[in-house]
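An overview of the molecular structure
Take a look at the letters that make up each chain.
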Amino acid sequence: MVSGLEDVVAAETILSDVDGQSGRLIIRGQSLDELVKHATYESVLTLLWEGFFKELPPASDMPMLLGTARQKVFKHFEAADAELVQQPTVDAVRALIARLPDADDIGSALLLVAAPAVFTPGILRLQRKLEPIAPNGKLGHAADMLRMLSGETPTQEQASALDRYLVTVSDHGLNASTFAARVVASTRAGLTSATLAALSALKGPLHGGAPGPVLDALDSIASPEHASTWLQDALDRGERLMGFGHRVYRVRDPRADALKEALKRLTQSGQVDAKRLQLAESVEAAALDLLARKKPNRPLQTNVEFYTALLLEALGIPREAFTCVFAAGRSGGWIAHAREQAVNGRLIRPQSRYIGPTPHQPQQDAAA
Ligand code: COA
């Protein structure tokens, strides 16, 4: 029995490779560092989905098809009653995704990628007693997400920062949510089922729910000189520092650097609060120092969630929606893995070792 399935290989994939020793992420043959320089999220969908659908449209059609899918899913806000809107954002978004047909064709895949991008801003607006804004199918996916939230067309820098985020988180080996998607797909249930299972795994604070608490910590620390004491107190209470540590990476998470770069560009164009960034850098340095001393034999480095928190905050996305924006990016990867599992894999059905009590045995008792 391997606790947490650490180091267990449970699938073969052509989709992505997480090299935890050298801090490298490869997505379908391209290293993340290179991919973020030229790819849009729409182009990454073509890259990830190639070979897994009978009729995959050419890359040039993907922006238009995804735009149409955004417009199609928008009608589901009809089902967003007061009870649904009051739920935590990720739960409300999940409930709306559950309304989509559970099929496994390219049309369903596009709806499932469009869904978190449309439902997240709409639910956030409904929670603030505002009307959801209808998608503009002609805009890029990232730009339209930001517009559906604020009502204003984002700057070029903002749209490309969110686009870079979506590309950066699009796929990442056999993480917990992707594994959940593959388990469901292995039973031959449809893509909506696989996506719902994945989103449910993603929302936990040890997976995709960490960036909100990163900002809570920054708010509470408030100024760089308090960082070390605050973090030490949290460790003394036995808490984990959110945004640090990873199951696979033993060096810095390459996605953290890809996002830090996007944040720098926003800062250069005056769209990030410089003081906030300075605070974050001090907190990062203090946390790395304390974690190195606490766990000298287990390298604990900055992970993707730390800079996700800062980037999404700078884009005006409220922290309760961070997991949903993560899902908007990862949905492309979940679908690719679900298709890969359904096409090439077997039913996933591991064993458990029973360590409970044995049944009462009346015959032996009688003999005694
Ligand atoms: N802060 C403090 N201690 C940490 C830590 C963190 N962020 N991450 C790991 N540790 C400690 C653990 O408490 C454990 O100590 P122990 O052996 O005394 O119990 C040790 O380091 C090994 O951790 P382990 O639980 O084996 O790591 P894991 O591989 O199971 O967990 C994470 C990986 C990501 C769940 C873990 O690092 C974590 O909880 N990080 C914070 C949440 C987060 O940022 N999640 C987003 C991930 S992308």
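The preceding data block contains the structure.
The text that follows walks through the structure, step by step, so that each part is easy to find. Please read these numbers as outputs of a predicted model, since none were measured by experiment.

This part is about the packing of aromatic side chains. A complete count under the given rule lists five aromatic pairs for this structure. With centroids separated by 5.4 Å and ring planes inclined at 70 degrees, the aromatic side chains of F74 and F77 adopt a geometry described as edge-to-face. Assessed through its relative accessible area of 11%, F77 is described here as buried. Centre to centre, the rings of F306 and Y307 are 5.3 Å apart; their planes meet at 80 degrees, and the pair counts as edge-to-face.

Pairing is antiparallel across the open sheet formed by three strands, whose spatial order is β1-β2-β3. Each of the sheet's edge strands pairs with one partner strand only, and the pair in question is β1 (16-19) and β3 (30-31). Sheet topology places strand β2 (residues 24-27) next to β3; two bridges connect them, and they run antiparallel. In the strand pairing of β3, I27 is matched with Q30.

Moving on: helix α2 (residues 41-49). An α-helix turns once per 3.6 residues; consequently, residues spaced three or four apart project the same way. With seven of its nine residues buried, α2 lies for the most part within the structure. Residues Y41, E42, V44, L45, T46, L48 and W49 constitute the buried set of α2. One or two positions beyond α2, positive phi appears at G51, with a value near 90 degrees.

Conventions we followed
- For every chain, the first residue of its written sequence is number 1, and the numbers climb from 1 along that sequence.
- Residue-level local features of this predicted model are given only where pLDDT is at least 70; pairs of side-chain atoms are given and counted only at 80 or more, and the full residue set underlies all totals for whole chains, interfaces and linings.
- Note: side-chain values were computed over all heavy atoms of the structure, leaving out hydrogens and water.
- For Phe, Tyr and Trp, where Trp contributes only its six-membered ring, two rings pair if their centres lie within 6.5 Å, and the inter-plane angle classes them as stacked under 30 degrees, edge-to-face over 60, or tilted in between.
- Relative accessibility decides the category of a residue: with a 1.4 Å probe and only protein chains considered, values under 20% of the type maximum give buried, values over 50% give exposed, and everything between is partly exposed.
- By the convention used here, strands pair only if DSSP detects at least 2 bridges between them.
- Secondary structure follows DSSP: runs of H or I at least 4 residues long count as helices, runs of E at least 2 residues long count as strands, and numbering of each begins at the N terminus.

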